[in-house]
Amino acid sequence: MVVLNRIYTRTGDDGTTALGSGERRPKHDLRIAAYGTVDETNAAIGVVRLHLQDARELDAMLGLIQNDLFDLGADLAVPQRDGKAERLRVLASQVERIERDIDALNTRLAPLTSFVLPGGTPAAAYLHLARTICRRAERLIAELKDRPNESVGDEVLKYVNRLSDFLFVASRYANGKGVRDVLWQPGQNR
């Protein structure tokens, strides 16, 4: 259990922050940017949930995802090091659950006939926003993984990749199961 008795510590006043391992890094460090963007994704999902009406199944899925995103942030906040005790890590079972949820929602959607523009219902529009933030997190995490002397668990990248797919499918589901999707019309404004 996490206990937070005091919110401010003043230790970040010098422009650094502590990883879960205790190591201090600049606040502009790529690892900090990666898990900060995961946090942004989580916040956007929180906004989505305010706009879901009569979509309990989708809301429950998003609630699980929000918790997973804290796990993912914790995973990123403690770099994997050989020979040290493992901390909280994203598991394959979490990726598999998202895949099952994607499949469950996708089977109920109208077939796609074009690319989808962000919009439709407020929930769908915010799901698209969460998806784009998630894609940014994925790019940062992939860059972090490619850096020398850095490590990222394989399931972390898989999770954010699947999550952006889930958010796309969920946006269509929130748009009346695809009926209210706003479709791209190539060259319409030429």
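Everything below is about the structure shown above.
The shown structure was predicted, so the numbers you read here are calculated from the model rather than taken from an experiment.

Draft legend 1. Quick look at the nonpolar core. Ranked by internal contacts, the top residues of the largest apolar core, which has 47 residues, are L58, L62, L76, I141 and F166. Elements supplying a minimum of two residues to this core: α1 (30–50), α2 (56–77), α3 (92–106), α4 (122–146) and α5 (154–174). For this core, the leading source of residues is α5, giving 11 residues. The contacts of L62, once residues within four sequence positions are left out, are I45, V48, R49, L52, L127, F166 and L167.

Draft legend 2. Fine view of the environment of K158. Within the element layout of this structure, K158 appears in helix α5. Between the C-alpha atoms of K158 and A77, which are 81 residues apart in sequence, the distance is 17 Å.

Draft legend 3. Spotlight on the packing of aromatic side chains. By the definition in use, this model includes one aromatic pair. A centroid spacing of 5.7 Å and a plane angle of 50° characterise the contact between F115 and W184, whose relative ring orientation is tilted. You can see F115 sitting in the loop between α3 and β3 (116–117) and its partner W184 sitting in the segment after β4 (182–183), a full 69 residues away along the chain. You can call W184 partly exposed: its relative accessible area is 40%.

Draft legend 4. Region of interest: α1. When the terminal C-alpha atoms of α1 are compared, their 31 Å separation across 21 residues agrees well with the 30 Å that a helix rising 1.5 Å per residue should span. All of the buried residues in α1 are L30, R31, I32, A34, Y35, T37, V38, T41, N42, A44, I45 and V48. Buried positions along α1 lie against β1 (16–18), β2 (24–26), α2, α4 and α5. Where α1 begins, the side chain of D29 points an oxygen toward the backbone nitrogen of R31, at a separation of 2.9 Å.

Conventions and cut-offs
Residues numbered from 1 in each chain as written. Predicted model: local features only at pLDDT ≥ 70, side-chain atom pairs only at ≥ 80, totals over all residues. Heavy atoms only, no water. Core = buried A, V, L, I, M, F, W, Y, C linked by side-chain atoms within 4.5 Å. Buried < 20%, exposed > 50% of the residue type's maximum accessible area, 1.4 Å probe, protein only. Helix = DSSP H or I, 4+ residues; strand = E, 2+ residues; numbered from the N terminus. Contact = heavy atoms within 4.5 Å. Phe/Tyr/Trp six-rings, centres within 6.5 Å; stacked < 30°, edge-to-face > 60°. Expected span 1.5 Å × (residues − 1). Polar contact = N/O pair within 3.5 Å; in protein donor to acceptor, adjacent residues only side chain to side chain.

So yeah, pure geometry; function would need other evidence.
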